[in-house]
Amino acid sequence: MLATVNVPTNDISKAEKFYQYLVGTQPLINKMSQKDSRYLEIRNDNVILTINPRNHPQETTACYFKVDDLDTAIKNLLQLGGKVITQPFQLATNLKRPIRAAIVADPDGNGVGIVEDK
């Protein structure tokens, strides 16, 4: 199930206006303390669009799929020809529980995020 689409940006204000127009809803602005990260969150039809400061120049838009168990999902995706791009990490969220995620490459090398949300 598609859970989140993350858009890295160099200018959150410009990206906010652009994606607010496309999604058609008002954003929820969240300021997180993890690595001074702050992001814009827009929710529509149970999919979350997050807009974050870019971490590195090659960072691109990523779709995150919800999984029940991150470690099991990584193991299964590796068996299906995937490759781990980013080892499991904790997401900065406004939730009171930790959310783990990882990025894997599909067999063609496209990055896909997976997020464990229990």
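This one's a predicted model, so the numbers in the text were calculated from it and none came from an experiment.

1. Section: the pattern of salt bridges
In this structure the tally under the stated criterion is two salt bridges. Across the pair D71 and R100 runs a salt bridge, and its minimum N-O distance is 3.1 Å. Of this pair, D71 sits in helix α2 (residues 70-79) while R100 sits in strand β7 (residues 100-105), and the two are 29 residues apart along the sequence. Notably, a salt bridge pairs E116 with R100, separated by 3.6 Å at the nearest N-O pair. Highlighted residues: E116 in strand β8 (residues 111-116) and R100 in strand β7, separated in sequence by 16 residues. Looking at E116, the relative accessible area reads 9%, which means it is buried. On the accessibility criterion, R100 (26% relative accessible area) is partly exposed. Overlapping salt bridges, with partners in common, bring together D71, R100 and E116 in one network.

2. Remarks on the confidence of the model for the chain
When pLDDT is averaged along the chain, the result is 77; 77% of the residues meet or exceed 70. Across the chain, the element-wise mean pLDDT spans from 59 in strand β2 (residues 28-31) up to 94 in α2. pLDDT under 50 marks residues 33-37. Its contacts with residues more than four places away, or in other chains, come to six contacts.

3. Looking at the side chain of N6
Along the chain, the position of N6 falls in strand β1 (residues 2-9). The exposure class of N6 is buried, given its relative accessible area of 9%. Look past the residues within four positions of N6 in its chain and what remains in contact with it is T50, N52, E59, T60, T61, A62 and Y64.

4. What about α2?
Turning to α2, its buried residues are L70, A73 and I74. The buried residues of α2 occupy an angular sector of 100° when projected down its axis, which confines them to one face. In α2, the exposed positions that point more than 90 degrees away from the buried face belong to K75 and Q79. Against β5 (62-67), β6 (83-90), β7 and β8 lie the buried residues of α2. Its side-chain oxygen placed 3.2 Å from the backbone nitrogen of D71, D69 serves as the N-cap of α2.

Rules used in this analysis
Residues numbered from 1 in each chain as written. Predicted model: local features only at pLDDT ≥ 70, side-chain atom pairs only at ≥ 80, totals over all residues. Heavy atoms only, no water. Salt bridge = Lys/Arg side-chain N within 4 Å of Asp/Glu carboxyl O. Helix = DSSP H or I, 4+ residues; strand = E, 2+ residues; numbered from the N terminus. Buried < 20%, exposed > 50% of the residue type's maximum accessible area, 1.4 Å probe, protein only. pLDDT = per-residue confidence, 0-100. Contact = heavy atoms within 4.5 Å. Arc of directions from axis to C-beta. Polar contact = N/O pair within 3.5 Å; in protein donor to acceptor, adjacent residues only side chain to side chain.

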